[in-house]
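An overview of the molecular structure
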Amino acid sequence: MSLALATPGRRLGSIILWSAVVVIGVFALFTLATARGETVNAMWLVTAAICVYLVAYRFYSLFIARHALGLDPERKTPAHRRNDGLDYVPTDKYVLFGHHFAAIAGAGPLVGPVLAAQMGYLPGTLWLLTGVVFAGAVQDFVVLFISTRRDGRSLGDLIKTELGPAAGLVAMIGILTIMVILLAVLALIVVKALADSPWGFFTVFATLPIAVLMGVYGRYLRPGRIFEMSAIGFVLLIAAIALGRTVAETPALAALFSFKGEALAFMLIFYGFVASVLPVWFLLAPRDYLSTFLKIGTIASLALGIFYVMPELRMPAVSRFIDGTGPVFAGGVFPFLFITLACGAISGFHALVSSGTTPKMIGDETQIRFIGYGAMLMESFVAIMALVAASVLDPGVYFAMNSAPAVIGATADTAAQTISSWGFVITPEALTQAAAEVGEKTVLSRAGGAPTLAIGMAKILSGAIGGASMTAFWYHFAILFEALFILTTVDAGTRVARFMIQDLVGTFWPRFKHTRAWIPNLIATALAVSGWGWFLYQGVVDPLGGINTLWPMFGIANQMLAAIALTLCTVVLFRMKRERYAFIVAAPATWLYICTLTAGAEKIFHSDPKIGFLAHAARYSGAAAEGKLIAPAKTAAEMSRIVFNDYVNTTLCAVFIALVLSMLFFGLKSIREALRATSVTTRETSDELQDLRIARA
Amino acid sequence: MSCKICGLPALDLFKLGSKLRQGARLMIGQGDYDAYVAHRRANHPDEPPMTREAFFLERQASRFGEGGRRALRCC
């Protein structure tokens, strides 16, 4: 900060300003927390969030930047040291912020809060805000810092150099496993949103020819004209949504585009394989452009919509399902609310992005604060908006959409009856009406968060533009937007998983590493798609809805990756001899270890069959031994498949626990070494300036 | 340029537009071509820089190509 800012007048002004922000924030939080019986306006939630972000950014992130990390504007960043005009380029900080935010923003912060809304909006809000300030944004910030000081190296690489090669191998396996679960759960969300929805399926399917057209245009007709090709794509996309209504209303066409979950799962698996083997300009890249711009545009319009419409939150602040008996996900607040919210508060995946392209473009170390910490605050705000969108729905509709058929039955009558008995009074007509408003036959049991979010968004956006007549259009627009960018993650992710497999196998069998050779390419791609495809298929045929099982597994995996990243951060601070400040990363790491290990253990050993896999398996295998069938299984074969899946899930959970425990061990070992050493032991890339300063000191 | 009354810098729409354009391009892995050319001219004046089209294709291939991790995005 320059000296001019420190004049007494400015100082007083700053104190008054920040006191006002604190007072407004506290008042908004108080209003939210004490609301009982009547609805609260969403603006209170949004205001509380913005005040928390401002205060956290101004004070806590500055403390981290100045004291804990000691960001140094004089120090040369890799963008300057290795400038090549391509990957390493000093970049304007606002431009880079946009790049970083686009890379970290995904489906996670949109889905998690929707599922977490079953406990009411308050528990979710509190963790989204606390989590991002003290854990999520800190992780993104510190990992970006560590990577920038080491030539922009990747997370796996950093773990290898700071914690040793064994830890590096463990991290590599961990990242790959997490990737597989992530892709499966994302694909499952798409399947749930598109099953038996001709309008939705048609529009998403239409993105394939549109992308190919864009690809050909951008490669042969007008090479490199991104704006032109994206504009063409966008216009065709809107046309496809409009045409989708005709498809849905024409019985012959509707039948052509209606698919059951199983068929969709196989199509997705096939798509994932093909898209990641084909040349990228043909399908992957143009879809990526379309989905990136659509994502940013939709997030911005949702924010504008919320500010313009100022909707009321109809979900109670705290619902009765705080006791852990809710239908959307099983388990109590600790640890499962934290596991479910995942990405909006802290996401381990961001550690991969923060050690990817962004550190190679940082022009000045002090900007790491704005980009690392700031972009994550924005991501958390996206999660808050998703929570708002889920909470503006009638709670009856919300529970009808997010409960499995095994719980609420398959008809509007049974669903309305069950949900009313929970205290969320709703009539069967209201449920049918909700489906008709968005141009669908039914909204029952559309689990996975995306359709719920789409209805919430449609409500908000149609309040801003078009009114009730546009609700169905906005709903399908929202579904398309989510499906499009989830599918882009699925195809790009399959490709990344393929390279990871080639890398991993390549350490034992070097010939497998050749990324251009066809045989390793096809084998690794097939391994990648069959990995996530297997979990996807199990999720689709799971009578309990699949999301119920897969989302917590994904949450655990994601939070464990965050624990691994924060362990790296802690070790680096100890090695830098800044252990006085290590608490800023050690505290959230400890919390994540406690939370994820508890969740993992409960998922395996909990005595309630709804939570514990082993209890669930025992219940089904016990009944099978007596020759009985337990719903929803209809045959003995289905009974044994359920038991088998339980054992697979148990194994996976055990693998996660083993991975994270071994990282804890490696972390503690490195910390002990660092404490014994008398000087700085971390391995930053040095430059002449830095060497000179050390020599002088 | 700055406002005479409040002292804040004036809104430069041209600059804002160019920043937005740069930001949108970088989101999809397309860096700044002009910065690339400037860098090549300054450091490798003897070699001709890639054309705009070649630069686009190179960046596209590198985003999804070898390693492919540049297109990594969060869940």
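Worth saying up front: this structure is predicted, and the values here are computed from it rather than measured. (Residues numbered from 1 in each chain as written. Chains lettered and ligands numbered in written order. Predicted model: local features only at pLDDT ≥ 70, side-chain atom pairs only at ≥ 80, totals over all residues. Heavy atoms only, no water.)

**Describing the overall build of chain B**
A count of helices and strands for chain B gives three helices and zero strands. Going from N to C terminus, chain B has its helices and strands arranged as α-α-α. When the 75 residues of chain B are sorted by exposure, 36% land in the buried category. Put simply, of all contacts in chain B between residues at least 6 apart along the chain, 27% involve residues at least 24 apart. Summing over all exposed atoms, chain B offers an accessible surface of approximately 4600 Å²; the carbon and sulfur share of this is 61%. (Helix = DSSP H or I, 4+ residues; strand = E, 2+ residues; numbered from the N terminus. Buried < 20%, exposed > 50% of the residue type's maximum accessible area, 1.4 Å probe, protein only. Contact = heavy atoms within 4.5 Å. Areas by Shrake-Rupley, 256 points an atom, 1.4 Å probe, with all protein chains shown as cover.)

**Some thoughts on the pattern of salt bridges**
The full count for this structure, using the stated rule, is 22 salt bridges over all chains. Linking A:Asp157 and A:Arg153 is a salt bridge whose minimum nitrogen-to-oxygen distance equals 3.3 Å. On the basis of relative accessibility, which here comes to 31%, the residue A:Asp157 falls in the partly exposed class. The residue A:Asp288 makes a salt bridge to B:Arg63 at a minimum N-O spacing of 2.9 Å. Pair noted here: A:Asp288 is in helix H13 (residues 284-309) and B:Arg63 is in helix H3 (residues 52-64), and the two residues belong to different chains. One exposure class covers both A:Asp288 and B:Arg63, and it is buried. In this structure, a network of salt bridges that share partners links the residues A:Arg75, A:Arg149, A:Glu365 and A:Glu684. (Salt bridge = Lys/Arg side-chain N within 4 Å of Asp/Glu carboxyl O.)

**Considering H13(A)**
Along an α-helix, residues three or four apart share an orientation, since each turn contains 3.6 residues. For H13(A), spanning 26 residues, the distance from its first C-alpha to its last is 36 Å, which sits close to the expected 38 Å at 1.5 Å a residue. One or two positions beyond H13(A), positive phi appears at A:Met310, with a value near 45 degrees. (Expected span 1.5 Å × (residues − 1).)

**A closer look at the packing of aromatic side chains**
Residue and element names in this part refer to chain A. For the structure on display, the rule yields 40 aromatic pairs over all chains. With 5.6 Å between their ring centres and 25 degrees between their planes, Trp509 and Phe512 make a pair best called stacked. A relative accessible area of 47% places Trp509 in the partly exposed class. On the basis of relative accessibility, which here comes to 5%, the residue Phe512 falls in the buried class. (Phe/Tyr/Trp six-rings, centres within 6.5 Å; stacked < 30°, edge-to-face > 60°.)

**Points about the nonpolar core**
Residue and element names in this part refer to chain A. Within the largest apolar cluster, 251 residues are counted, with the highest numbers of intra-cluster contacts made by Tyr121, Tyr373, Trp532 and Leu536. It is helix H8 (residues 165-194) that provides the largest number of residues to this core, a total of 21 residues. Here Tyr121 is in contact with Leu32, Ala35, Val40, Leu45, Leu313, Met315, Pro316, Ala317, Leu387 and Ser391, once residues within four sequence places are set aside. Membership of the second largest hydrophobic core comes to eight residues, among which are Ala623, Ile630, Met639 and Val643. (Core = buried A, V, L, I, M, F, W, Y, C linked by side-chain atoms within 4.5 Å.)

**Focus on helix H4 (residues 93-104) of chain A**
Taking 1.5 Å per residue as the helical rise, H4(A) with its twelve residues ought to reach 16 Å, and the 16 Å between its terminal C-alpha atoms agrees with that figure. Along H4(A), the residues classified as buried are A:Val95, A:Leu96, A:Phe97, A:Gly98, A:His99, A:His100, A:Phe101, A:Ala102, A:Ala103 and A:Ile104. Of the surrounding secondary structure, the elements contacted by the buried residues of H4(A) are helix H6 (121-148), H13, helix H15 (349-354) and helix H16 (367-391) of chain A together with helix H1 (13-27) of chain B. At the N-terminal boundary of H4(A), the capping side chain belongs to A:Asp92, with an oxygen 3.0 Å from the backbone nitrogen of A:Tyr94. (Polar contact = N/O pair within 3.5 Å; in protein donor to acceptor, adjacent residues only side chain to side chain.)

**Thoughts on the confidence of the model for chain B**
Where the model shows low pLDDT, its predicted coordinates should not be examined in detail. Looking at chain B as a whole, the pLDDT averages 83, with 76% of positions reaching at least 70. Across the whole predicted complex the pTM is 0.94, and at the interface the ipTM reaches 0.89. (pLDDT = per-residue confidence, 0-100.)

**Quick look at unusual backbone geometry**
All names here are of chain A. A cis amide bond, omega -5 degrees, links Phe334 with the succeeding residue Pro335. Relative to the assigned elements, Pro335 resides in helix H14 (residues 333-341). Within the chain, Lys577 stands out as a residue other than glycine whose phi angle is a positive 65 degrees. Residue position: Lys577 is located in the loop between helix H24 (547-575) and helix H25 (583-605). A residue is classified by how much of its surface remains accessible, and Lys577, at 29% relative accessible area, is partly exposed.

**What about the interface of chain B and chain A?**
Contact with chain B, which involves 34 residues of that partner, is made by 57 residues of chain A. For the interface between chain B and chain A, the tally reads three salt bridges. For the pair chain B and chain A, the interface holds seven residue pairs in polar contact (both at pLDDT 80 or more). Those elements giving two or more residues to the side of chain B that touches chain A turn out to be H1, helix H2 (33-43) and H3 of chain B. The element that contributes the greatest number of residues to the side of chain B that touches chain A is H3(B), accounting for ten residues. A breakdown of the residues in the side of chain B that touches chain A according to their chemical character gives 15 nonpolar, nine polar and ten charged. (Nonpolar A, V, L, I, M, F, W, Y, C, P; charged D, E, K, R; others polar.)

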